[in-house]
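What the coordinates show
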Amino acid sequence: MKYYLGIDIGTSGTKAVCFDEQGKACCSKTEEYEMFVLKPGYAEENPFDWFTATKKVISYITNQGYEISGIGLSGQMHGLVLLDDKDQILRNSIIWCDNRAILEAEELKKNIGNLVLQYTGNEVVPSFTLAKLLWVKNNEPEIFQKIHKIMLPKDYVRYMLTHSFTTEYSDASGMQMVDIFQKKYAKPILDYLEIKEEQLPILKESYEISGYVCKDLVRELNLKEHCFVVGGAGDQAAAALGNGIVEFGDVSLVLGSSGVVFSPILKGQAKQTNLQIFMHAIPDTYHVMGVTNGCGLSYKWVKEEVIQDKSYLELNEFACQSPPLSNGVFYLPYLNGERTPHMDPYATGTWIGIRQNTTQKDLIRSVLEGVAYSLKDCFTCLPKTEYHIHITGGGAKGDLWREIIASVLNCPVTRIQQDEGGALGVAILAMVADQVYPSIKDAIAHIIRPLDVVKPNLTWVDLYKKGHPLYQNIYQSLKEFYKKAFKI
């Protein structure tokens, strides 16, 4: 029996899961690390913390006796990692939920906005890698001049493991430097920032072998010789594979730090949507993606900063004791600005409707409902068809949250038996690279199985149909306030 590692370099920690050839999870380990919030709207992490965590989780699993044939990497998208000519980290990574590059995004929109849309399929976004790189150029020119390598989070870990300076299309298409239709870097965009293609990693397919773990690390981590690393995928494409989302009409709802609505699209539809467009981990396949930034982040914030003495299980039990619509309390989950559908970096987390009789139970449930409304904003932007919705991520373990989401969307949501998301997705890619399965779709057909289905609560459906427009009106009423408050 061969074993494969799926490693997910996430926002709060790195998780490794060991799978056998049938996709069964045999062993897992997570190592957490710190996020640095230096100012409102800032979010940074130390890339070396990711590599240290990766080594720890690999060692833990190999020390349980599992001999690993291949590794797949998944990672948080859009993060900016900069190395000098000696491969030293030039600064902390500016990660996906950082929104400091507002002025840079406006500059890019003004000067090359049409080019960015033409090549990448997306409007300029402050949280994407391109705007962050321009922020470094404008604000830290001494660092910008020293840049030798530009890479994404998972690709830094790959480089440290294998010395291979490589990325793959699903993650790279979120940098806003890649022509996603010609599958190459967009030279006019690079020219605007005065960067060279040699400073960017080689582009490969997700299932292709990108390198082999270095000999010194093979010994240190107790790995097999010639243990390979595949291209892998950005976290959302990886989670979609691990959730069985490969065909038009499939939808993945990921309740992670961010909340994501993900659906493959036909190639001809790649320019016919107002959602964000990226390349899927399946060759020559695209997907649309709507994102609410403050999904699990909102629940974590409430747990750590507002209701500090409760576990997540206790929070769920509390929320169950508040009625639908949370006794009139609404929550907007915009802790780090918002992406879909507003693309508004100024927006902030907001509670409204609090009265003297409002309880902690109402506040907690309103967070679950607010995220569900935000996911519906994303969902309603999808091309119109019948959808099969699979739900995954840490938040999907909560029965109440799944029922709220099914009721807000008025559509059944399915969990699968394997709840390892992105780690499973990239392990599948490693299995395909090792010819355990002839293709990604064959592997998914063999491995992915449903666990349960939550249907809409018909009583709640009617209430949430009334609540969702009120939620939307709150943002419209506060949109200008958010911008003015930020400038003050």
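Located above this text is the structure these notes cover.
Here we summarise the structure given alongside this text. None of the values given here were measured: they were computed from a predicted structure. (Residues numbered from 1 in each chain as written. Predicted model: local features only at pLDDT ≥ 70, side-chain atom pairs only at ≥ 80, totals over all residues. Heavy atoms only, no water.)

1. As for the nonpolar core
The nonpolar side chains of a soluble globular protein tend to be buried with one another. Membership of the largest hydrophobic core comes to 92 residues, with the highest contact counts inside it found for L82, L133, I150, I195, I389 and I405. Counting residues per element, this core draws most heavily on helix α12 (residues 360-379), at nine residues. Setting aside anything within four residues of it in sequence, one finds I389 in contact with V251, L253, F379, L409, C411, P412, V413 and T414. (Core = buried A, V, L, I, M, F, W, Y, C linked by side-chain atoms within 4.5 Å. Buried < 20%, exposed > 50% of the residue type's maximum accessible area, 1.4 Å probe, protein only. Helix = DSSP H or I, 4+ residues; strand = E, 2+ residues; numbered from the N terminus. Contact = heavy atoms within 4.5 Å.)

2. Looking at the packing of helix α14 (residues 421-433) against helix α15 (residues 440-447)
Running from N to C, α14 and α15 point in directions that differ by 120 degrees, and their axes come no closer than 9 Å. Between α14 and α15, the angle is such that the two are oblique. For α14 against α15, the interelement crossing comes out right-handed. Touching L424, I428, L429, M431 and V432 of α14 are I440, A443, I444 and I447, all from α15. (Axes fitted to C-alpha atoms, helices over the stretch in contact; angles between N-to-C directions. Parallel < 35°, antiparallel > 145°, perpendicular 65-115°, else oblique. Left-handed = near helix turned anticlockwise from the far one by under 90°.)

3. A few points about the pairing of strand β1 (residues 3-9)
The element β1 is extensively covered by neighbouring structure, given that five of its seven residues are classed as buried. In the sheet, β1 pairs with strand β5 (residues 68-75) via seven bridges, with the strands oriented parallel. Bridge assignment links I7 to a residue of β5, and that residue is L73. In terms of strand pairing, β1 meets strand β2 (residues 13-20) through seven bridges, oriented antiparallel. Note on β2: the bridge partner recorded for Y3 is D20. Between the antiparallel neighbours β1 and β2 lie three residues. (Pairing = 2+ DSSP bridges.)

4. Overview of the pattern of salt bridges
Enumeration over the complete set of coordinates arrives at 22 salt bridges. Ionic pairing is found between E220 and K55, a salt bridge with its closest N-O pair at 3.2 Å. Highlighted residues: E220 in helix α8 (residues 215-220) and K55 in helix α1 (residues 47-62), separated in sequence by 165 residues. D155 is the partner of R158 in a salt bridge, and the nearest nitrogen-oxygen pair spans 2.8 Å. Placement of both R158 and D155 in helix α5 (residues 153-162) is noted, with a separation of three residues, approximately one turn of the helix. (Salt bridge = Lys/Arg side-chain N within 4 Å of Asp/Glu carboxyl O.)

5. What about helix α9 (residues 235-242)?
Extensive coverage of α9 is indicated by the burial of seven of its eight residues. Among the residues making up α9, those that are buried are Q236, A237, A238, A239, A240, L241 and G242. Count one or two residues on from α9 and you reach G244, which has phi positive near 80 degrees.

6. Some thoughts on unusual backbone geometry
The step from T340 to P341 runs through a cis peptide bond, and the omega angle for that step is 0 degrees. Residue position: P341 is located in the loop between β20 (330-332) and β21 (350-352). At N327, a position not held by glycine, the phi torsion is positive, near 50 degrees. Within the element layout of this structure, N327 appears in the loop between α11 (312-320) and β20.

7. Focus: the side chain of D20
Here D20 is to be found in strand β2. Among buried Asp, Glu, Lys and Arg side chains, D20 stands out as unpaired, with K24 the closest opposite charge at 5.6 Å. A polar contact is formed between the side chain of D20 and the backbone nitrogen of K24, at a distance of 3.0 Å. If we skip the residues at most four places from it in the chain, D20 touches M1, K2, Y3, C26 and M431. (Lys, Arg positive; Asp, Glu negative; His and termini not counted. Polar contact = N/O pair within 3.5 Å; in protein donor to acceptor, adjacent residues only side chain to side chain.)

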